[in-house]
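Residue-level listing of the chains:
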Amino acid sequence: MQAGITVSAAELPEVLLHVAVVRPVFLWGAPGIGKSSLVRAFADSLGLECVTLLGTQLAPEDLIGVPQIVDGRSRFAPPVAIARDEPYCLFLDELNASSAEVQKAFYSLILDRRIGEYELPEGSVVIGAGNRATDNALARPMASALVNRLVHVHLPFTARGPVFRVQ
């Protein structure tokens, strides 16, 4: 990955505000540095509910929903955790720790902001997060099809706290 800009923790919400409303963001960082807390605080600052899906605890059908018959045709009913009427922050935690099948199930949700016939409400944001393989944490490779759908933000940890570099 190429180098990007470095921002302070105080500047991160503004960077996310300009990036995450346009394109999904993926936060990379060591375990325990506060990635999840930063996402929840960002959602709170926008007045959005933060809905967290843990990639390691999902199966593909947990995302795409279950089939149902409507007027003699099958369609997938999206899960209630995703299918909401009001804008929200969809936080895909441990995304790169999930299985390849679960990562594939996230493709359309991340790129097209939809699952089957359900579309995320206008004003919703999608943010993923995960640990780096170099941290000896659970991290699986992400296919280029998924990597290319996200703007990558690295959260290195320093003695002063997290420092944020956007790619």
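Details of the structure are given in the entry above.
**With respect to unusual backbone geometry**
(1) Moving on: Despite not being glycine, Glu94 has its phi angle at roughly 55°, a positive value.
(2) Moving on: By the secondary structure assignment, Glu94 is in the loop between strand 6 (88-93) and helix 4 (100-105).
(3) Moving on: For Arg113, which is not a glycine, the phi torsion comes out positive at approximately 60°.
(4) Moving on: Among the secondary structure elements, Arg113 is positioned in the loop between helix 5 (107-111) and strand 7 (114-115).

**Side note on the packing of helix 1 (residues 12-19) against helix 2 (residues 35-46)**
(1) Moving on: Relative to each other, helix 1 and helix 2 sit at 70°, their axes nearing to 11 Å. Overall, the two elements helix 1 and helix 2 adopt an arrangement that is roughly perpendicular. Considering the relative orientation of helix 1 and helix 2, their crossing is right-handed. Here Leu12, Pro13, Leu16 and Leu17 of helix 1 lie close against helix 2, whose contacting residues are Leu38, Phe42 and Leu46.
(2) Moving on: Its residues placed into classes, the contact of helix 1 with helix 2 shows seven nonpolar, no polar and no charged.

**Here's the deal with helix 1**
(1) Moving on: Taken together, the buried positions of helix 1 are Leu12, Val15 and Leu16. End-on, the buried residues of helix 1 take up no more than an arc of 95°, which puts them together on one face. Opposite the buried face of helix 1, at more than 90 degrees from it, the exposed residues are Glu14 and His18.

**Points about the packing of aromatic side chains**
Centre-to-centre distance and the angle between the planes together describe a pair of aromatic rings.
(1) Moving on: Taken as a whole and judged by the stated rule, the model has one aromatic pair.
(2) Moving on: Sitting above the plane of the Tyr88 ring, Arg84 keeps its charged end 5.7 Å from the centroid.
(3) Moving on: The ring of Tyr107 carries the charged tip of Arg149 above its face, separated from the ring centre by 4.6 Å.

**A look at helix 2**
(1) Moving on: Over its twelve residues, helix 2 runs 17 Å from end to end, which matches the ideal 16 Å to within 8%, given 1.5 Å per residue.
(2) Moving on: Within helix 2, the full set of buried residues consists of Lys35, Ser36, Val39, Phe42 and Ala43. Seen end-on, helix 2 carries its buried residues on one side only, within an arc spanning 125°. Those residues of helix 2 that are exposed and angled more than 90 degrees off the buried face are Asp44 and Ser45.
(3) Moving on: Here the buried face of helix 2 lies against helix 1, strand 2 (25-29), strand 3 (49-54), strand 6, strand 9 (125-130) and strand 10 (151-155).
(4) Moving on: Just downstream of helix 2 lies Gly47, where phi reads positive at about 75°.

Calculation criteria
- Residues numbered from 1 in each chain as written.
- Predicted model: local features only at pLDDT ≥ 70, side-chain atom pairs only at ≥ 80, totals over all residues.
- Heavy atoms only, no water.
- Helix = DSSP H or I, 4+ residues; strand = E, 2+ residues; numbered from the N terminus.
- Axes fitted to C-alpha atoms, helices over the stretch in contact; angles between N-to-C directions.
- Parallel < 35°, antiparallel > 145°, perpendicular 65-115°, else oblique.
- Left-handed = near helix turned anticlockwise from the far one by under 90°.
- Contact = heavy atoms within 4.5 Å.
- Nonpolar A, V, L, I, M, F, W, Y, C, P; charged D, E, K, R; others polar.
- Buried < 20%, exposed > 50% of the residue type's maximum accessible area, 1.4 Å probe, protein only.
- Arc of directions from axis to C-beta.
- Phe/Tyr/Trp six-rings, centres within 6.5 Å; stacked < 30°, edge-to-face > 60°.
- Lys NZ or Arg CZ within 6 Å of the ring centre and 35° of its normal.
- Expected span 1.5 Å × (residues − 1).

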